[in-house]
Amino acid sequence: MSALLRQIPANIPQDIRKIRIENSHLTELPRGSFENVSALEYLWLNFNNITVMHIKSLEYLPALQELRLQGNKLSSVPWTAFQDTPTLKILDLKHNRLDVLPEHALRYLPNLTYLDLSSNQLTIISRDVFYNWPVYQRSQRTEGQIEAISNAVLALHDNPWICDCRLRGFVQFIKSVGPPIILMNSYLTCSSPKFRTGKFFHEVELNSCMKPLTSALDTNLTVPAGLNITLTCFVQASPSPAVWWTYALKLLRAFNVTTEPISEETVRSELLIPAARPADAGNYTCTAANFLGNTSVAINLRVVAPWASTTPRGWAPMAPAEPGAHVEVRIAKQTVYGITLEWFAAAAAAAEPGETWYTLLVGRYDAAQKDTIYIGPGVNTYSVTDLLPATKYEVCVAVRNQAPRKGQCVVFVTGSDVSQMEQREKLIHIVVIVCAMVLAVPAGMYACTAEALPGCLARCPRACPRRRRGGQAQAAGSKESTLDSIPAGSEDGLCRPDDIHSTRRPPAREELGKTRPPHRNSADLY
């Protein structure tokens, strides 16, 4: 007792009939642990740290009648090991970590009179475990001679039983079992599912298992843009299925999906699409699966989005902005393949940062529809990659489903001279354009904040005279007069102060580095 033994002693006398080693440090029973004590009848190894039991650990013990392994750490038992102990009558395995009982577990225990499996981690077992037990089989063959058969005590209480269809046969066995098999505690209770927690076996009626059957109230939906949309599917199955949603063959993030039971065999799964946009249109598939198979139902979503005159091109109308829902957006860095955005929500919007999610809209500036990306709570950066050269893009960030405000969008143009960019090991060079100012940094990309859209940039084409370059006249709408073709450091196509009623003159090119605010420094953008 309480000895610092880490293995079975090798010098045990051969005529020993009883061994008791408890509260020690045994961690395993290796092969042939007791090969020199073939007369052993009682083996008590309670309250050790045994985690492994070799399939031949009980070899050479034909006379063993009692094996007690209570309070160890066994997660499985090699049940075929009991072929070497045909006279075993008492097997105590309570307070271990057994979670599986195979159908053949009791087949090699024909003379048991006491089996204790209580206080383990058993959740689902088949009734065939006991139908294959020789003790039970003998009782069924000699129903009129039950008194001639020794009773067998069975302890199965204090396990976390999952009372669904998979346990149906075992529950029926427990309800019908009688002498010579006697339950130490016949009030076995359910641990799950929740609506059966704490109920006794004799109080529940379990149905047969069923493959999932999915359905939806409406498989074709047409909704206005800007609203929060919830897609719902119902699944009838037993046992409870795993449910997931896919869109364009991509698994949707779990934080937008909620699944809950509404009856014993029916669950409801809901997919939230915040601030629906035309880009969200398409087929959404709800799939359910259990061990019997899987089925799915598709819901077609159509988003109607008439553009408002005050809405910037490419954006769908959204819900009115909430007070304090402003987000500061900046370009954190550039890479060979794209840019990385970083944003910071205002104090009111970030009052609950653990619950605040964002909507990120990315696409070509002239695209009628842009990709919508929902960013979960706690994330404030996103990388835009795989950009096309010589293309104007627009990216906006909004809190939840609010419309982007000024300063929450970035417009940029990728460079057209790819070979030159590769020589510089850069694909993108950024210039922040604020109405009548151009920052002199390497050519190739121009970035414009939302402060210049749509007001200033919309007025510039009307207020600014066209200029000639290289002696060639520029026709109205010519590419040279657009934002895409303005070279860095040039004033071509820019508004004059008197044209836009401004009292501040644009600084000279050599003074730009001194007058521009720190947050617009080109070094910060890299």
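Rules used in this analysis
- Residues numbered from 1 in each chain as written.
- Predicted model: local features only at pLDDT ≥ 70, side-chain atom pairs only at ≥ 80, totals over all residues.
- Heavy atoms only, no water.
- Helix = DSSP H or I, 4+ residues; strand = E, 2+ residues; numbered from the N terminus.
- Buried < 20%, exposed > 50% of the residue type's maximum accessible area, 1.4 Å probe, protein only.
- Contact = heavy atoms within 4.5 Å.
- Areas by Shrake-Rupley, 256 points an atom, 1.4 Å probe, with all protein chains shown as cover.
- Salt bridge = Lys/Arg side-chain N within 4 Å of Asp/Glu carboxyl O.
- 1 Å grid on protein atoms, 1.4 Å probe; cavity = no way out; pocket = protein on both sides within 12 Å on 5 of 7 lines; lining within 4 Å.
- Points joined across faces, edges and corners; volume = space filled by probe spheres on them.
- Nonpolar A, V, L, I, M, F, W, Y, C, P; charged D, E, K, R; others polar.
- Domains from an automatic or database assignment.
- Disulfide = S-S within 2.5 Å.
- Pairing = 2+ DSSP bridges.
- Polar contact = N/O pair within 3.5 Å; in protein donor to acceptor, adjacent residues only side chain to side chain.
- Axes fitted to C-alpha atoms, helices over the stretch in contact; angles between N-to-C directions.

As annotated in an unreviewed UniProt entry, the chain carries the name LRIT2 protein and is attributed to Tyrannus savana.

Peer 1: Tell me about the overall build of the chain, and name the residues and values.
Peer 2: Each helix and strand in the chain was counted, giving seven helices and 30 strands. For the chain, buried positions account for 45% of its 526 residues. Pairs at least 24 apart in sequence give 64% of the contacts found in the chain among residues at least 6 apart. Surface summary for the chain: the accessible area is close to 26,600 Å², and the carbon and sulfur share equals 50%.

Peer 1: Lay out the pattern of salt bridges in plain terms, naming residues and giving numbers.
Peer 2: Counted by the stated rule, this structure contains 14 salt bridges. When the shortest N-O distance is used, the salt bridge between Arg31 and Glu59 registers 3.9 Å. Taken together, the residues span a long stretch of sequence, with Arg31 in the loop between strand E2 (28-29) and strand E3 (42-44) and Glu59 in the loop between strand E4 (52-53) and strand E5 (66-68) at a distance of 28 residues. Residue classification places Arg31 among the exposed residues on the basis of a relative accessible area of 56%. Residue Glu59 is classed as buried on the basis of its relative accessible area of 14%. Salt-bridge contacts for Arg364 lead to Asp366; the nearest nitrogen and oxygen are separated by 3.7 Å. Overall, Arg364 belongs to the partly exposed group, its relative accessible area being 40%.

Peer 1: Give a description of the layout of surface pockets that names residues and reports values.
Peer 2: In this structure, the second largest pocket encloses a volume near 540 Å³. Of all the elements in the fold, those that place two or more residues in the lining of the second largest pocket are strand E16 (250-251), strand E18 (266-273) and strand E24 (371-375). At four residues, E24 tops the list of elements feeding residues into the lining of the second largest pocket. For the lining of the second largest pocket, a count of residues per class yields 13 nonpolar, two polar and four charged. The residue makeup of the lining of the second largest pocket includes at least three contributed by each of domain 1 (210-304) and domain 2 (326-414).

Peer 1: I'd like a description of the state of the cysteines, backed by residues and values.
Peer 2: Each disulfide consists of a covalent bond between the sulfur atoms of two cysteine residues. If you walk through the whole model with that rule in mind, you get four disulfides. Between the sulfur atoms of Cys165 and its disulfide partner Cys209 the distance amounts to 2.0 Å. Classification of the bridge connecting Cys165 and Cys209 rests on its S-S torsion, roughly 100°, and on that basis the disulfide is right-handed. Of the two residues, Cys165 is situated in the loop between strand E9 (161-162) and helix H3 (168-176) and Cys209 in the loop between strand E11 (190-192) and strand E12 (210-215); the sequence distance between them amounts to 44 residues.

Peer 1: Please set out the side chain of Thr246 residue by residue, giving values where relevant.
Peer 2: Topologically, Thr246 is positioned in strand E15 (residues 242-247). Among the residues examined, Thr246 registers a relative accessible area of 18% and is labelled buried. Contact partners of Thr246, with chain neighbours within four places excluded, come to Leu251, Leu252, Asn283, Tyr284 and Thr285.

Peer 1: Requested: an account of the pairing of strand E23 (residues 358-364), with residues and values cited.
Peer 2: Counting buried positions over the seven residues of E23 gives six, a clear majority of the element. Here E23 runs beside E24; their pairing, made up of five bridges, is antiparallel. Its bridge partner lying in E24, Tyr358 is registered against Ile375. Linking E23 to E24, which pair antiparallel, is a turn of six residues. Where E23 meets strand E26 (residues 392-399), seven bridges bridge the pair, whose relative direction is antiparallel.

Peer 1: An account of the side chain of Ser118 is needed here, citing residue identities and associated values.
Peer 2: The topology assignment puts Ser118 in the loop between strand E7 (114-116) and helix H1 (128-131). Overall, the relative accessible area of 3% leaves Ser118 in the buried class. A polar contact of 2.6 Å, which involves the side chain of Ser118, links it to the side chain of Asp116. If near-sequence neighbours (up to four positions away) are discounted, Ser118 is found in contact with Lys94, His95, Ala155, Leu156, His157 and Asn159.

Peer 1: Run through unusual backbone geometry, naming residues and quoting values.
Peer 2: In most cases, non-glycine residues show a negative phi, while peptide bonds are predominantly trans. Here the amide bond leading from Ser192 into Pro193 is cis, since omega sits at -5°, within 30 degrees of zero. Examined against the element boundaries, Pro193 turns out to sit in the loop between E11 and E12. With an omega of 5°, the peptide bond running from Ser238 to Pro239 counts as cis. Mapped onto the elements of the fold, Pro239 is located in the loop between strand E14 (229-238) and E15. At Asp158, a position not held by glycine, the phi torsion is positive, near 60°. Structurally, Asp158 can be placed in the loop between strand E8 (152-155) and E9.

Peer 1: Before we move on, can you summarise the environment of Trp79 with the specific residues and values?
Peer 2: If you trace the backbone, Trp79 turns up in the loop between E5 and strand E6 (90-92). Residue classification places Trp79 among the buried residues on the basis of a relative accessible area of 3%. Separated by 23 residues in sequence, Trp79 and Pro102 place their C-alpha atoms 8.7 Å apart. When residues no more than four places from it in sequence are discounted, the contact partners of Trp79 are Leu91, Leu93, Leu101, Pro102, His104, Ala105, Leu106, Tyr108, Leu109 and Leu117.

Peer 1: Can you lay out the sheet that holds strand E21 (residues 327-334) for me, pointing to particular residues and giving the numbers?
Peer 2: Pairing is antiparallel across the open sheet formed by three strands, whose spatial order is E21-E22-E25. Two strands lie at the open edges of the sheet, namely E21 and strand E25 (381-384), each paired on one side alone. Each strand of the sheet is rotated relative to its neighbour by a mean of 25°, with strand direction disregarded. When E21 meets strand E22 (residues 339-345), the two strands line up antiparallel, connected through seven bridges. When the sheet's bridge partners are listed, Arg330 is paired in E22 with Glu342.

Peer 1: An account of the environment of Arg268 is requested, with residue identities and associated values reported.
Peer 2: As for its placement among the helices and strands, Arg268 is situated in strand E18. For Arg268 and Thr258, which are ten residues apart along the polypeptide, the C-alpha to C-alpha distance reads 8.2 Å. Setting aside anything within four residues of it in sequence, one finds Arg268 in contact with Thr232, Cys233, Phe234, Thr258, Thr259, Glu260 and Ile262. A distance of 2.6 Å separates a polar atom in the side chain of Arg268 from a polar atom in the side chain of Glu260.

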